[in-house]
Amino acid sequence: MESLKDKIIMERLPQHIAIIMDGNGRWAKEKGKLRVFGHQHGVDAVRSSCEACAELGVKYLTLYAFSTENWNRSSFEVDALMTLLANALKSELKTLNNNNIRLNAIGDLSRLPKTQYNSLMSAIDNTKNNDRMTLTLCLSYSGRWELTKAMREIAAKVQEGVVKPEQVDEALIDKHLATAGMPDPDLLIRTSGEERISNYLLWQIAYSELYFTEKYWPDFSKEDLYEAIIDYQNRERRFGKTSEQIKK
Ligand code: IPE
Ligand code: IPE
Ligand code: MG
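Calculation criteria
Residues numbered from 1 in each chain as written. Chains lettered and ligands numbered in written order. Predicted model: local features only at pLDDT ≥ 70, side-chain atom pairs only at ≥ 80, totals over all residues. Heavy atoms only, no water. Helix = DSSP H or I, 4+ residues; strand = E, 2+ residues; numbered from the N terminus. Polar contact = N/O pair within 3.5 Å; in protein donor to acceptor, adjacent residues only side chain to side chain. Contact = heavy atoms within 4.5 Å. Near = heavy atom within 4 Å. Areas by Shrake-Rupley, 256 points an atom, 1.4 Å probe, with all protein chains shown as cover. Nonpolar A, V, L, I, M, F, W, Y, C, P; charged D, E, K, R; others polar. Axes fitted to C-alpha atoms, helices over the stretch in contact; angles between N-to-C directions. Parallel < 35°, antiparallel > 145°, perpendicular 65-115°, else oblique. Left-handed = near helix turned anticlockwise from the far one by under 90°. Pairing = 2+ DSSP bridges. Patch = residues over 30% accessible without salt bridge, like charges linked within 9 Å, V, L, I, M, F, W, Y side chains within 5 Å. Salt bridge = Lys/Arg side-chain N within 4 Å of Asp/Glu carboxyl O. Lys, Arg positive; Asp, Glu negative; His and termini not counted. Charge placed at Lys NZ, Arg CZ, Asp CG, Glu CD. Buried < 20%, exposed > 50% of the residue type's maximum accessible area, 1.4 Å probe, protein only. Expected span 1.5 Å × (residues − 1).

(A) Expanded view of the side chain of threonine 62. Along the chain, threonine 62 turns up in strand E2 (residues 60-67). A polar side-chain atom of threonine 62 sits 2.7 Å from a polar atom in the side chain of histidine 16. Leave out the neighbours within four places in its chain, and threonine 62 touches His16, Ile17, Ala18, Ile19, Thr136, Cys138, Met182, Tyr200 and Leu201.

(B) Representation of the site of ligand 1 within the structure. Taken together, 13 residues surround ligand 1, and among them Asp22, Gly25, Arg26, Arg35 and Arg73 come closest. The separation between an oxygen atom of ligand 1 and a polar side-chain atom of aspartate 22 is 2.8 Å. In this structure, an oxygen atom belonging to ligand 1 sits 2.7 Å away from a side-chain N or O atom of arginine 26. Taken by itself ligand 1 offers 380 Å² of open surface, and the protein chains cover 88% of this. Among the elements of the structure, helix H1 (24-30), helix H2 (35-56) and helix H3 (75-98) are those that each provide at least two residues to the shell around ligand 1. For the shell around ligand 1, the element with the highest residue contribution is H1, accounting for 3 residues. Tallied by class, residues from the shell around ligand 1 come to 3 nonpolar, 5 polar and 5 charged.

(C) The packing of H2 against helix H7 (residues 222-233), seen in detail. Contact geometry of H2 with H7 gives a least axis separation of 9 Å together with a crossing angle of 50°. Taken together, H2 and H7 sit at an angle that is classed as oblique. Both H2 and H7 take part in a crossing whose hand is right-handed. For the pair H2 and H7, contact is made by Ser48, Ser49, Glu51, Ala52, Cys53, Glu55 and Leu56 and by Lys222, Leu225, Tyr226 and Ile229, respectively.

(D) Spotlight on the packing of H3 against helix H4 (residues 114-126). Closest axis-to-axis distance for the H3/H4 pair is 10 Å, and the angle between their directions is 15°. Here H3 is positioned roughly parallel relative to H4, judged by the angle of their axes. In the crossing of H3 with H4, the sense of the turn from one axis to the other is left-handed. In this structure, H3 contributes Met82, Thr83, Leu85, Ala86, Leu89, Leu93 and Asn97 to the contact, and H4 contributes Gln116, Ser119, Leu120, Ala123 and Asn126. When the residues that make up the contact of H3 with H4 are grouped by side-chain class, the tally is 7 nonpolar, 5 polar and no charged.

(E) Highlighting the sheet that holds strand E6 (residues 209-212). Taken in spatial order, the 6 strands make up an open sheet running E3-E4-E2-E1-E5-E6, and their pairing is parallel. Edge positions in the sheet fall to strand E3 (101-106) and E6, since each of these pairs with one other strand and no more. Here the strands of the sheet are splayed against their neighbours by 20° on average, with no regard to which way each runs. Inspection of the sheet shows E3 paired to strand E4 (residues 133-141) by 6 bridges, in the parallel sense. Bridging from a neighbouring strand, arginine 102 pairs with threonine 134 of E4. Sheet contacts for H4: E3 and E4; angle to E3, the most-contacted strand, approximately 140°.

(F) Here's a closer look at the site of ligand 2. With respect to spatial proximity, the complete set of residues near ligand 2 consists of Ile20, Met21, Asp22, Tyr64, Ala65, Phe66, Ser67, Asn70, Arg73, Arg190, Arg196 and Ser198. One nitrogen or oxygen atom from the side chain of arginine 190 is found 3.3 Å from an oxygen atom belonging to ligand 2. At a separation of 2.6 Å, an oxygen atom of ligand 2 approaches a polar side-chain atom of arginine 196. In isolation ligand 2 has 390 Å² of accessible area, and contact with the protein removes 77% of it.

(G) Fine view of a negative patch on the surface. On the surface, Asp169, Glu170, Asp174 and Asp184 cluster together into a patch of negative charge. Tracing the sequence through the fold places aspartate 174 in helix H6 (residues 170-175). For aspartate 174, a relative accessible area of 31% gives the class partly exposed.

(H) Representation of H2 within the structure. If you check H2, its first and last C-alpha atoms are 32 Å apart, about what 22 residues at 1.5 Å a residue would give, namely 32 Å. A positive phi of about 110° marks glycine 57, the residue just after H2.

(I) Here's a closer look at the pattern of salt bridges. Going through the model one piece at a time under the given rule, you end up with 20 salt bridges. The partner of aspartate 231 in a salt bridge is arginine 235, with the nearest N and O atoms 2.7 Å apart. Overall, the relative accessible area of 32% leaves aspartate 231 in the partly exposed class. Taking relative accessible area as the criterion, arginine 235 reaches 26% and is therefore assigned partly exposed.

Given below as structure tokens:
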């Protein structure tokens, strides 16, 4: 029997997949457990998606792990998430290196506890020469935070006279984003049935294909990822042109 994976057209693989990993809390609640239990199992789904993307040859995987707004959750939950992050950085470093995956992180990282910040920086440094895939964790991240920061930096340059207002173009803005140097996501996946962006990669997803699934994040398997990719490959990305122009 042909597997889902075999249906993927390798020549048309998305170069960059971004995921809003949502539904950990509801997954746990349905099992009569604490929300934190869902986050713990979410780590396994991160591992399998990461592995699936690397195996296929996806170059960039960008995961929304903790938003600027998530700081407003109970300190119990925030602490648990931070502990999970520290543990995962410790336990997964070897796997990242064995799989030739480079770790990257974007967001207002200065808000992370010192221990997490330091282990994150050392994991990033430790994997910097890996070139099979870049795994970007969005931590204490939001699109508006990123755009505000970029605007401030550009305004300062204009004020210094290094940049003229008419030189502010899309390329310059791109360069000031946390994702500078990365291609925009081709495919954005959100799990858990919610159909919203929740302040994610606002600038970068201008032309991303959106894919929503009812599955809660801890249940999101390699097969689910293949399904999302196949769905993506059945779409026509027109970028404002007509279908006839694209087919030519
Ligand atoms: C996503 O799952 C993980 C984070 C936002 C950190 P949630 O914790 O949002 O789970 P739900 O959406 O409440 O089910
Ligand atoms: C988005 O999920 C953030 C992450 C997945 C890290 P949320 O669960 O925080 O989003 P909203 O608040 O329900 O939109
Ligand atoms: Mg949620």
